[in-house]
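Examining the three-dimensional arrangement
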Amino acid sequence: RTESKLLKVKESALSKGSPAVEVIVYDFSNVEDVGTVVERAAALFGGIDYVVANHASMVPGVFLATPRMQDPGYIERQFKINIFSHIQLVLHALPHLESSSGHIFVTSSIAGEIPSAQSALYTSTKHALNGFFYSLQQELLAKKSPVSVTVGALGLILTEDVNRVLPKKMLDDLPALAIGDVQGMCG
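Source: prediction; values computed, not measured.

1. Focus on the overall build of the chain
Looking only at helices and strands, one finds 8 helices and 5 strands in the chain. When contacts within the chain are restricted to residue pairs at least 6 apart in sequence, long-range pairs at least 24 apart make up 60% of them. Accessible surface, the chain as shown: approximately 11000 Å² in total, 59% of it carbon and sulfur.

2. Some thoughts on the packing of aromatic side chains
Tallying each qualifying case throughout the model produces 3 aromatic pairs. Seen in terms of ring centroids, Phe79 and Phe84 are 6.3 Å apart; in terms of plane orientation they differ by 40°. Their pairing is tilted. Among the residues examined, Phe79 registers a relative accessible area of 21% and is labelled partly exposed. Among the residues examined, Phe84 registers a relative accessible area of 39% and is labelled partly exposed. Their ring planes at 85° and their centres at 4.9 Å tell us that Phe132 and Phe133 sit as a pair that is edge-to-face. Note on Phe133: relative accessible area 0%, which makes it buried.

3. Describing the packing of helix H4 (residues 72-100) against helix H5 (residues 120-142)
Running from N to C, H4 and H5 cross one another at 20°; their axes reach a closest spacing of 9 Å. Taken together, H4 and H5 sit at an angle that is classed as roughly parallel. In this structure, H4 crosses over H5, and the sense of that crossing is right-handed. Between H4, through Tyr74, Ile75, Gln78, Phe79, Asn82, Ile83, His86, Ile87, Val90, Leu94 and Glu98, and H5, the contact on the second element is made entirely by Leu121, Tyr122, Ser124, Thr125, Ala128, Leu129, Phe132, Phe133, Leu136 and Leu140. Taken together, the residues that form the contact of H4 with H5 break down as 15 nonpolar, 5 polar and 1 charged.

4. As for the side chain of Asn130
Along the chain, the position of Asn130 falls in helix H5. For Asn130, the contacting residues outside a window of four places in its chain are Ser108, Ser109, Gly112, Glu113 and Val151.

5. Brief notes about the nonpolar core
One finds Ile48, Leu89, Leu97, Ile104 and Phe133 to be the most contacted residues of the largest nonpolar core, which totals 24 residues. Breaking this core down by element, the ones donating at least two residues are helix H2 (34-45), strand S1 (50-53), H4, strand S2 (103-107), H5 and strand S3 (148-152). Broken down by element, the residue count for this core peaks at 7 residues, all from H4.

6. Looking at the pairing of S2
Regular strands have side chains that alternate between both faces of the sheet. The buried fraction of S2 amounts to 4 of the 5 residues, a majority that puts the element mostly inside the structure. Bridging between S1 and S2 involves 4 bridges; their strand directions are parallel. Among the inter-strand pairings, Val52 is bridged to a residue of S2, identified as Phe105. A crossover connection joins S2 to the parallel S3 through H5; in handedness this β-α-β unit is right-handed.

7. Quick look at the side chain of His103
Here His103 shows up in strand S2. Setting aside chain neighbours within four positions, we find His103 in contact with Asp49, Tyr50, Val51, Leu97, Ser148, Val149 and Thr150.

8. What about H5?
A rise of 1.5 Å per residue sets the reference length of H5, with its 23 residues, at 33 Å; its end C-alpha atoms lie 33 Å apart and thus fit the reference within 8%. Looking at the buried side of H5, the elements it contacts are helix H3 (67-70), H4, S2 and S3. Of the residues flanking the end of H5, it is Lys144, one or two places downstream, whose phi is positive at about 60°.

9. Some details on the environment of Gln137
Examined against the element boundaries, Gln137 turns out to sit in helix H5. Gln137 gets classed as partly exposed once you look at its relative accessible area, which sits at 26%. Within the structure, Gln137 has its side chain in polar contact with the backbone oxygen of Val149 (distance 2.8 Å).

10. Some words on the pattern of salt bridges
In the structure shown here, the tally under the stated rule is 2 salt bridges. The salt bridge partner of Glu98 is Lys143, with a shortest N-O separation of 3.5 Å. Of this pair, Glu98 sits in helix H4 while Lys143 sits in the loop between H5 and S3, and the two are 45 residues apart along the sequence.

Conventions adopted
- Residues numbered from 1 in each chain as written.
- Predicted model: local features only at pLDDT ≥ 70, side-chain atom pairs only at ≥ 80, totals over all residues.
- Heavy atoms only, no water.
- Helix = DSSP H or I, 4+ residues; strand = E, 2+ residues; numbered from the N terminus.
- Contact = heavy atoms within 4.5 Å.
- Areas by Shrake-Rupley, 256 points an atom, 1.4 Å probe, with all protein chains shown as cover.
- Phe/Tyr/Trp six-rings, centres within 6.5 Å; stacked < 30°, edge-to-face > 60°.
- Buried < 20%, exposed > 50% of the residue type's maximum accessible area, 1.4 Å probe, protein only.
- Axes fitted to C-alpha atoms, helices over the stretch in contact; angles between N-to-C directions.
- Parallel < 35°, antiparallel > 145°, perpendicular 65-115°, else oblique.
- Left-handed = near helix turned anticlockwise from the far one by under 90°.
- Nonpolar A, V, L, I, M, F, W, Y, C, P; charged D, E, K, R; others polar.
- Core = buried A, V, L, I, M, F, W, Y, C linked by side-chain atoms within 4.5 Å.
- Pairing = 2+ DSSP bridges.
- Right-handed = clockwise from strand over helix to strand, strands pointing away.
- Expected span 1.5 Å × (residues − 1).
- Polar contact = N/O pair within 3.5 Å; in protein donor to acceptor, adjacent residues only side chain to side chain.
- Salt bridge = Lys/Arg side-chain N within 4 Å of Asp/Glu carboxyl O.

This is the structure we're talking about:
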């Protein structure tokens, strides 16, 4: 999310009685330094009890008809944001979560369970995300870790951003599970 949107969320949370809200802005295509986000959060809050990995890049289009999407650098960026940064975020947070018996919530997509047209890269990253975190969940259970994992394979939510990114024709053909903005759905 952009800093301006995060600051609006902060204002809203404070206006609803939250005692403190900190905003950490980060570009998750920079996978190598994801640990700095974790360490900054741990320092701000005195540890980490809960990780919500809720960042993604979604650019729809017909993969075979869109040369930009076929560029190796573009493909790599999508995988960095949608899978590699999630893995690194959780790996850096695990020691904190182990000591707090914490929880990991990974926001995925129904696209990670059911492929759809015009979203080949997004769908493939969400399949990878689901596969990794379902497997990590099993590893944590096998070693009797106090850390739990939830993968939220959410359906289409017609937010302002989705309406801006997805073509109207595609939206007309897809059933939505929720319509509105996040604030409206949570308020």
